[in-house]
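Understanding the architecture of this molecule
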Amino acid sequence: MATIYSFKEIEEKWQKYWQDNKSFCADSDPAKRKYYLLEMFPYPSGKIHMGHVRNYTIADVAARFRMQQGYEVLHPMGFDAFGQPAENAAIKNKTKPDIWTHKCIDMMRSELKQMGFSYDWEREVSTCDADYYRWNQWIFLKMFERGLAYKKASAVNWCSSCETTLANEEVVEGGCWRCHTKVDQKDLDQWYLKITEYKERLLDDLQQLSHWPERVIAMQTNWIGKSQGVEIYFRLKGSDTVIPVFTTRVDTIFGATYCVLACEHPLVKELIKGTPQEKEALRFIEKVVKESKITRASSDVKKEGVFTGAYVINPVNNEEIPIWIADYVLMDYGTGAIMAVPTHDQRDFLFAKEHGLSMRVVIQASGSTLQSPGEMKEAYEGDGIQVNSGQFNGLQNQEATQKIAEWMEKQGIGKIQTHWRLRDWLISRQRYWGTPIPMIYCPKCGIVPVPYEDLPVDLPRDAPFTGEGGSPLGKVKEFVEVSCPKCKGKSRRETDTMATFFDSSWYFLRFCSPKFEGAPFDEKQAKYWMPVDQYIGGIEHAILHLLYSRFFTKFFQDLGMIDFPEPFNRLLTQGMVLKDGEVMSKSRGNIVDPDSIIKRYGADTMRLFILFAAPPETELEWDDRGIEGAFRFLNRVWRIQENLKEKAAPDVLKALHKTIKKVTDDYQDFKFNTAIASLMELTNAIYQSGADKEVFKNLVLLLGPIVPHFCEELWQMMGGRGSITKVAWPKYDPQYLIESTVTMVVQVNGRVRARREFPADITEEDLKSHVLSDEKLSPWIQNKPIRQFIVVPQKLVNIVV
RNA sequence: GCCGAAGUGGUGGAAUGGCAUACACGUCGGUCUCAAAAACCGAUGAGCGUAAGCUCGUAAGGGUUCAACUCCCUUCUUCGGCACCA
């Protein structure tokens, strides 16, 4: 590694310049087009990692590019500063979360500045500051007023290691998303947000998000989990009790040969009472309920169950069918009861075989005449023709699904219904380092919200959090003991804090007016800046953060504070940075520290490499030799400036204008790797033929967004004034893109046989006569009749013989 | 099982119906040098051939087309999400 340009000096110089001149402060200017560029803000761990470097470098190029294109750019940065790691670190280092977090923020801010990112630091926010979290409390109160925040006692996900509850979205493969401890179920009285009230809009509006990655849309669709079907009413034999059952395959109703209830189904105890099998059933139920959800899900083959002794009547044919209890039916989906159709559902098939239950074929695959279930080796779950289905025989099953549903509704024996997977969002956390939930419990008045004028409910600076469980705030007397806002009687504060995903569900709005006093955000500012034009972050937030943010946005829309339904117009999910094919992690010991790269090569080289090595969306393999190559390229460019000519050769001018077009298009589409490749090609061309001052200045402008310090310095050396970010983006002259002659490929039967120069405007006839009289081509064409002559203008001819 | 993404030289990757492998890394050769480094120039998919050149080649197989990495069908592999979801 040979150093030509002194990156250290240059980078420090320009970072100071940008700061002193407030080069990146955004101002809402109605005369200009705005561009709001946002990256998912970091948790302040104290050090940035390569994932941050990649995420923020991608964004920074876009921001600087838009600035030069004349947009008013909002490019803010802040810190998602509440959360558990601060508590753990504070316990470990015998300090306070508050002190630890602010120290980390200071460290990270200075690391981000070292990268040369174009943030408007005047707008920085930290979610742990009362100026921020008081608006969490404000939003919570608004939701409470509208019945969207409510308290409910129920079985919740509990992580025994983190000593706190978890949202459904925070349970990953049956474990805690943070520490992977197995999640238990625990009965607790907790606060929920009614995100389910927005399920239709959250699903339907995904359609509008045409610039979101397909996989994120798919994951959210999946998560919301809409399924349409029919709720069928089965009457208990010898009683008026009705057992509703949900199915998406009402076309198979005539093949229902038994029903199954989940163990937790409220009717179960009643049904088995006093029957000979009561004891066996109770033992079975106890066993299943004890097993957690995860183990039930993983035991995929064996289906166990017991007969209740009771029967229901199938309303379509008045058949009596037995009711079973089984482990494969879950209480928390549908109605907790199913109709079983062994011939057309694989789970029912296995269960029926195991317990010798009867079966009936009701759907025949086209071309099949299968009637006897005994011949079946597995359930037939495909489409076909209805058989054994009364008046619906002969219909295509998809048509029958519709007809049967309508008929059942008319008969009053069923109802067309939709079921959803999405559950309400549990936000209570038994932790210290979070936003206090602004609620008061009065023995006389019940649950009383803290009045708006009393916000914020400050988080006490001292609390005995030890990691031993229970809400730490509950141990702070001055915090807990409060008088009721209504009756002034002795009352008690809520001691749980909010899940930190609450904080990040609206921070993009706060950035529009970070110091606004009257509300979470200034509606006028939000109207100018929102929605975010481009959002960039990791795929790990595809469900959680992005779904919650969409929910909050719709809530603000309902409050009339904003007039758009979706917060993020475009979303880019950047790929991970790998080392030796694996994710960088402490445990693997394969971490490359950005700081060490900055020291050795400078921030510009790291930015260049990370953009060049792979397109933004794909995984990126870190390569120490690749970074050498990036550094080499910058030195190459630097050296051009020492050997400028009076006048550039025409081929270099041509190359320049082609490059301006290519780079502009590529930046627009976040194709930075190919933009850099074409800038390298231009550099190679300059090395061949030499460049003049004009050409070089343009090269510097084009490279500016990627390696800003380097280019600012070169720009100044070339006599430029001020920051390069204020200089208009280069325009290409189409005249240079017009070629007088072109090299065309000549194919015979689709195989390349020659390349020939032709005038760009040659007619097809001339082309034909030239090509056909070409001696070199004659062996391929000779004496064979020409069937077709295909011309792709300026590119290729294909002779078919 | 369902949904989604991907599979191209020794390596990262380019080409979205029209020259497969741009650009870079690595490797090899050359120039410069007492020498080395750096820098600069050149070669670099595989096979056959002295050569001009020919053949094969984008996970596998089939199809559409004058022409397919690209579009369609089937299959395989990897990664990600959801999952006894009725």
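Below is a short write-up of the structure. (Residues numbered from 1 in each chain as written. Chains lettered and ligands numbered in written order. Predicted model: local features only at pLDDT ≥ 70, side-chain atom pairs only at ≥ 80, totals over all residues. Heavy atoms only, no water.)

1. Observations regarding the overall build of chain A
Within chain A, the regular secondary structure consists of 25 helices and 32 strands. Taken along its principal axes, the extent of the C-alpha atoms in chain A is 105 × 90 × 50 Å. Taking all 801 residues of chain A together, the buried fraction comes to 54%. Here the analysis covers contacts within chain A between residues at least 6 apart in sequence; of these, 72% occur between residues at least 24 apart. Carbon and sulfur atoms make up 49% of the accessible area of chain A, which totals about 36,500 Å². Averaging the coordinates of the 102 positive side-chain charges in chain A and doing the same for the 107 negative ones gives two points 1 Å apart. (Helix = DSSP H or I, 4+ residues; strand = E, 2+ residues; numbered from the N terminus. Buried < 20%, exposed > 50% of the residue type's maximum accessible area, 1.4 Å probe, protein only. Contact = heavy atoms within 4.5 Å. Areas by Shrake-Rupley, 256 points an atom, 1.4 Å probe, with all protein chains shown as cover. Lys, Arg positive; Asp, Glu negative; His and termini not counted. Charge placed at Lys NZ, Arg CZ, Asp CG, Glu CD.)

2. Observations concerning the protein's contact with RNA strand B
If you check the shell around RNA strand B, you find 57 residues, and the closest are T248, K303, Y333, R755 and N798. Within 4 Å of the protein, atoms of RNA strand B come from sugar and phosphate in 65% of cases. In this structure, N222 approaches RNA strand B through a side-chain N or O atom, which is 3.3 Å from a base nitrogen. Separating a sugar or linking oxygen of RNA strand B from a side-chain N or O atom of T247 is a distance of 2.8 Å. With 8 residues, the top contributor of residues to the surface near RNA strand B is helix 21 (residues 672–689). Split into classes, the residues belonging to the surface near RNA strand B amount to 24 nonpolar, 12 polar and 21 charged. (Near = heavy atom within 4 Å. Polar contact = N/O pair within 3.5 Å; in protein donor to acceptor, adjacent residues only side chain to side chain. Nonpolar A, V, L, I, M, F, W, Y, C, P; charged D, E, K, R; others polar.)

3. Looking at the pairing of strand 11 (residues 305–314)
With 7 of 10 residues buried, strand 11 lies mostly within the body of the structure. Of the strand pairs in this sheet, strand 8 (residues 227–236) and strand 11 are connected by 2 bridges, and their pairing is antiparallel. In the sheet register, R235 faces strand 11, and the bridge partner there is I313. With 7 bridges connecting them, strand 11 and strand 12 (residues 319–326) associate as antiparallel partners. (Pairing = 2+ DSSP bridges.)

4. Some thoughts on the side chain of T497
On the secondary structure map, T497 appears in strand 23 (residues 497–498). Residue classification places T497 among the buried positions, given a relative accessible area of 1%. Ignoring sequence-local partners within four residues, the contact set of T497 consists of I427, S428, R429, R431, Y432, G434, T435, P436, I437 and L473.

5. So, the state of the cysteines
Enumeration according to the criterion identifies 0 disulfides in this entry. Here C445 is not disulfide-linked; the sulfur of C442 is the nearest cysteine sulfur, at 3.7 Å. What makes C445 partly exposed here is its relative accessible area of 29%. (Disulfide = S-S within 2.5 Å.)

6. Some remarks on the sheet that holds strand 24 (residues 532–538)
Read from one edge to the other, the open sheet built from 4 strands follows the order 2-1-24-25, with strand pairing classed as parallel. The outermost strands of the open sheet, each flanked by one partner alone, are strand 2 (72–74) and strand 25 (568–574). Strand after strand, the sheet turns through a mean of 20° between neighbouring axes, direction not considered. Across 6 bridges, the pairing between strand 24 and strand 25 is parallel. Each residue of the ladder has a partner; that of Q534, found in strand 25, is R570. (Axes fitted to C-alpha atoms, helices over the stretch in contact; angles between N-to-C directions.)

7. Considering the packing of aromatic side chains
This structure, assessed with the given rule, holds 50 aromatic pairs. Between F65 and W729, the ring centres sit 5.0 Å apart and the planes meet at 80°, which makes this aromatic pair edge-to-face. With F65 in helix 2 (residues 50–68) and W729 in the loop between helix 23 (708–717) and strand 29 (741–748), this residue pair connects regions lying 664 residues apart in the sequence. When its relative accessible area of 1% is taken as the criterion, F65 is described as buried. W729 sits in the buried class, given a relative accessible area of 8%. A centroid spacing of 6.0 Å and a plane angle of 70° characterise the contact between F144 and W191, whose relative ring orientation is edge-to-face. Note that F144 is positioned in helix 5 (residues 130–145) and W191 in strand 7 (residues 183–193), a separation of 47 residues in sequence. Its relative accessible area of 24% is what places F144 among the partly exposed residues. What links up through ring pairs into an aromatic cluster is the set Y198, W425, F501, F502, Y548, F551 and F552. For R33, the ring lying beneath its charged end belongs to Y71, and the centroid distance is 4.1 Å. In this structure, R134 is placed above the aromatic ring of W135, and the distance from its NZ or CZ to the ring centre is 4.7 Å. (Phe/Tyr/Trp six-rings, centres within 6.5 Å; stacked < 30°, edge-to-face > 60°. Lys NZ or Arg CZ within 6 Å of the ring centre and 35° of its normal.)

8. With respect to empty space enclosed by the protein
Following the criterion strictly, the structure yields 2 cavities of 30 Å³ or more and no others. For the largest cavity, the calculated volume is near 150 Å³. Around the largest cavity, the lining is made up of 16 residues, and of these Q84, R178, R429, R431 and T500 lie nearest the centre. For the lining of the largest cavity, the elements supplying multiple residues, two or more each, are helix 3 (84–93), strand 4 (164–166) and strand 23. (1 Å grid on protein atoms, 1.4 Å probe; cavity = no way out; pocket = protein on both sides within 12 Å on 5 of 7 lines; lining within 4 Å. Points joined across faces, edges and corners; volume = space filled by probe spheres on them.)

9. Brief notes about the sheet that holds strand 3 (residues 149–159)
Judged by pairing direction, the sheet is antiparallel, and its 4 strands sit side by side in the order 4-3-7-17 without closing on themselves. Of all the strands in the sheet, just strand 4 and strand 17 (425–426) have a single pairing partner and so form its edges. Where strand 3 meets strand 4, 3 bridges bridge the pair, whose relative direction is antiparallel. Within the sheet, the bridge partner assigned to W158 lies in strand 4 and is T165.

10. Points about the packing of helix 18 (residues 603–612) against helix 23
Contact pair helix 18 / helix 23: the axes reach a minimum separation of 7 Å and the direction vectors enclose 120°. On the basis of the axis angle, helix 18 is oblique to helix 23. Where helix 18 abuts helix 23, its residues A603, D604 and R607 lie against P708, H709 and F710. For the contact of helix 18 with helix 23, a count of residues per class yields 3 nonpolar, 1 polar and 2 charged. (Parallel < 35°, antiparallel > 145°, perpendicular 65-115°, else oblique.)

11. Topic: helix 19 (residues 624–640)
Between its first and last C-alpha atoms helix 19 spans 25 Å; for 17 residues at 1.5 Å apiece the expected length is 24 Å, and the two agree. Taken residue by residue, helix 19 has I627, A630, F631, F633, L634, N635, V637, W638 and I640 as its buried positions. Packed against the buried residues of helix 19 are helix 1 (7–20), helix 17 (594–601), helix 18, helix 21, helix 22 (693–703) and helix 23. Of the residues flanking the start of helix 19, the one acting as N-cap is D623, its side-chain oxygen 3.0 Å from the backbone nitrogen of R625. (Expected span 1.5 Å × (residues − 1).)

12. A short note on the pattern of salt bridges
Under the criterion given, the structure shown has 33 salt bridges. With a shortest N-O distance of 2.9 Å, E566 and R550 are connected by a salt bridge. Of this pair, E566 sits in the loop between helix 16 (544–558) and strand 25 while R550 sits in helix 16, and the two are 16 residues apart along the sequence. Comparing E566 with R550 shows no difference in burial state: the two are buried. One salt bridge in this structure joins K554 and E566, with 2.8 Å as the shortest N-O distance. With K554 in helix 16 and E566 in the loop between helix 16 and strand 25, this pair connects stretches of sequence that are 12 residues apart. Comparing K554 with E566, the two get one shared label, buried. Overlapping salt bridges bring together D205, R550, K554 and E566 as one network. (Salt bridge = Lys/Arg side-chain N within 4 Å of Asp/Glu carboxyl O.)

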